[in-house]
Amino acid sequence: GRVSKRDLPARALSNLQSRLRRQGFRILERVLHAKVPILKMSCGGLECDLSLNNLLPVFNTRLLKAYADIDERVVTIAQACKKWAREQGHHGAQYGHLSSYAFTLMVIFYMQVRGALPCLQEWGQEFPEFYSEGARTFNVAMDEDKMSGRWQKPHPGPVVSFHDFLRFFANEFQWGEWVVSVRTGKCLSPESFPKLKMKPRDGTTSEQWKWMIH
């Protein structure tokens, strides 16, 4: 029968599973009822996510790769962070926790604050590059000079590690008063981001929300 545009990605991913298995992919998890349906898969020891009609992750991946190319410690710290989060049962947007992408952004922000990474999107306000998806528009501009290695790292370079990452967010970051923003790379208040939506999930009490953001 006819399938709505909204239901098409989930239906198509569901139908693709048998074909993907025949091609050697292992389906680790089906997240078909999320806002952006995905199949979590692995093949040859590598894990990946598959989505349909969803081009924004292409720009997100480009951003993450650019930061990893500047400093490979982004990858090692992010891997340690996600491993720790999984072991503690605090990983996975589908379970109400942060996603792998969110944890990676936290690592990049921490390294920006420490001075180990530049802000690749800082010039986006002056030289925007827009990508539209439905009714939403995103500024995906990045500083090509910094991406191409022209950013001068401080000498000696800042010491960053997973343990210092934990120390930063446990003892230094002001929860509820600062915002994690790799677009600025600075510790700024929510008032600096007028379009930022800060509201609890459905079913979250005011006391729980107060605890979560502080």
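Summarised in this report is the structure supplied together with it. Within any chain, residue numbers begin from 1 and follow the written order of that chain's sequence. Residues qualify for local features only when their pLDDT is at least 70, as the model is predicted, and side-chain atom pairs are given and counted only at 80 or more; totals for whole chains, interfaces and linings, by contrast, use all residues. Heavy atoms from the whole structure form the basis of all side-chain values; hydrogens and water molecules are not counted.

## Some words on the overall build of the chain
Logical step 1: Scanning the chain from terminus to terminus reveals 7 helices and 5 strands.
Logical step 2: The secondary structure listing takes helices from DSSP runs of H or I that are at least 4 residues long and strands from runs of E that are at least 2 residues long, numbered from the N terminus. The helix and strand sequence of the chain, counted from the amino end, reads α-β-β-β-α-α-α-β-β-α-α-α.
Logical step 3: Expressed as a percentage of the 214 residues in the chain, the buried residues total 32%.
Logical step 4: Contacts between residues were defined by any pair of non-hydrogen atoms, one from each residue, lying within 4.5 Å. Within the chain, counting contacts between residues at least 6 apart in sequence, those at least 24 apart form 53% of the total.
Logical step 5: The accessible surface values rely on the Shrake-Rupley method and a 1.4 Å probe; as for residues, cover is taken only from the protein chains in view. A total of about 14500 Å² of accessible surface is found on the chain, and carbon and sulfur atoms cover 53% of it. Burial here depends on accessible area, computed with a 1.4 Å probe over protein chains only, as a share of the maximum for the residue type. Under 20% is buried, over 50% is exposed, and the range in between is partly exposed.

## Focus on the nonpolar core
Logical step 1: Among buried residues, the Ala, Val, Leu, Ile, Met, Phe, Trp, Tyr and Cys ones that are joined through side-chain atoms within 4.5 Å form a nonpolar core. Residues Ile77, Tyr110, Met111, Phe165 and Phe169 are the most contacted members of the largest nonpolar core, which totals 28 residues.
Logical step 2: For this core, the elements supplying multiple residues, two or more each, are helix H2 (56-70), helix H3 (73-87), helix H4 (100-114) and helix H6 (162-172).
Logical step 3: Per element, the largest residue contribution to this core is 8 residues, and it comes from H4.
Logical step 4: If you look at the next biggest cluster of nonpolar residues, it comprises 7 residues, including Leu20, Ile27, Leu32 and Leu39.

## Some words on the sheet that holds strand E1 (residues 26-31)
Logical step 1: For two strands to be treated as a pair, DSSP must find no fewer than two bridges joining them. Across the sheet, 3 strands lie side by side as E1-E2-E3; this open sheet has antiparallel pairing. Bordering the open sheet on either side are E1 and strand E3 (46-50), each of which pairs with just one other strand. On average, each strand axis in the sheet is tilted by 20° relative to the strand beside it, whichever way the strands run.
Logical step 2: Each axis is a line fitted through C-alpha atoms, taken for helices only over the stretch in contact, and angles between the N-to-C directions span 0 to 180 degrees. Contacting E1, strand E2 (38-43) and E3, helix H1 (residues 8-22) runs over the sheet at an angle of about 10° to E2.

## Some points on the packing of aromatic side chains
Logical step 1: When the centres of two rings from Phe, Tyr and Trp lie within 6.5 Å, Trp using its six-membered ring, the rings pair. Their planes under 30 degrees apart give stacked, over 60 give edge-to-face, and anything left gives tilted. Scanning the model with the defined rule gives 13 aromatic pairs in all.
Logical step 2: Measuring from ring centre to ring centre gives 5.9 Å for Phe169 and Trp175, while their planes differ by 40°; the resulting arrangement is tilted.
Logical step 3: Its relative accessible area of 34% is what places Trp175 among the partly exposed residues.
Logical step 4: A connected cluster of aromatic rings, assembled from ring pairs, spans Phe109, Tyr110, Phe162, Phe165, Phe168, Phe169, Phe173, Trp175 and Trp178.

## Regarding the environment of Arg11
Logical step 1: In this structure, Arg11 sits in helix H1.
Logical step 2: Overall, the relative accessible area of 44% leaves Arg11 in the partly exposed class.

## Quick look at H2
Logical step 1: Residue count minus one, scaled by 1.5 Å, sets the expected span of a helix. Here H2 spans 22 Å end to end across 15 residues, near enough to the 21 Å set by a 1.5 Å rise per residue.
Logical step 2: Listing the buried residues of H2 in full gives Leu56, Leu63, Ala66, Tyr67 and Ile70. Buried residues of H2, seen end-on, are gathered within an arc of 95° and therefore sit on one face of the element. Residues of H2 that are exposed and point more than 90 degrees away from the buried face comprise Val58, Thr61, Lys65 and Asp69. Think of it as the arc spanned by the lines of direction from the helix axis to the C-beta atoms.

## What to know about the side chain of Ser42
Logical step 1: Residue placement: Ser42 occurs in strand E2.
Logical step 2: You can call Ser42 buried: its relative accessible area is 14%.
Logical step 3: Setting aside chain neighbours within four positions, we find Ser42 in contact with Gly24, Phe25, Arg26, Leu28 and Glu47.

## Things to note about unusual backbone geometry
Glycine aside, residues mostly have negative phi angles, and peptide bonds mostly take the trans form.
Logical step 1: Phi at Asn53 is positive, roughly 50°, even though this residue is not glycine.
Logical step 2: By secondary structure assignment, the location of Asn53 is in the loop between E3 and H2.

## Quick word on the pairing of E3
Logical step 1: Bridge analysis of E2 against E3 gives 5 bridges, and the strand direction is antiparallel. In the sheet register, Cys43 faces E3, and the bridge partner there is Leu46.
Logical step 2: Counting the residues that bridge the hairpin from E2 to E3 gives 2 residues, and of these Gly44 lies at a positive phi of roughly 60°.

Read these as spatial facts, not as claims about activity.
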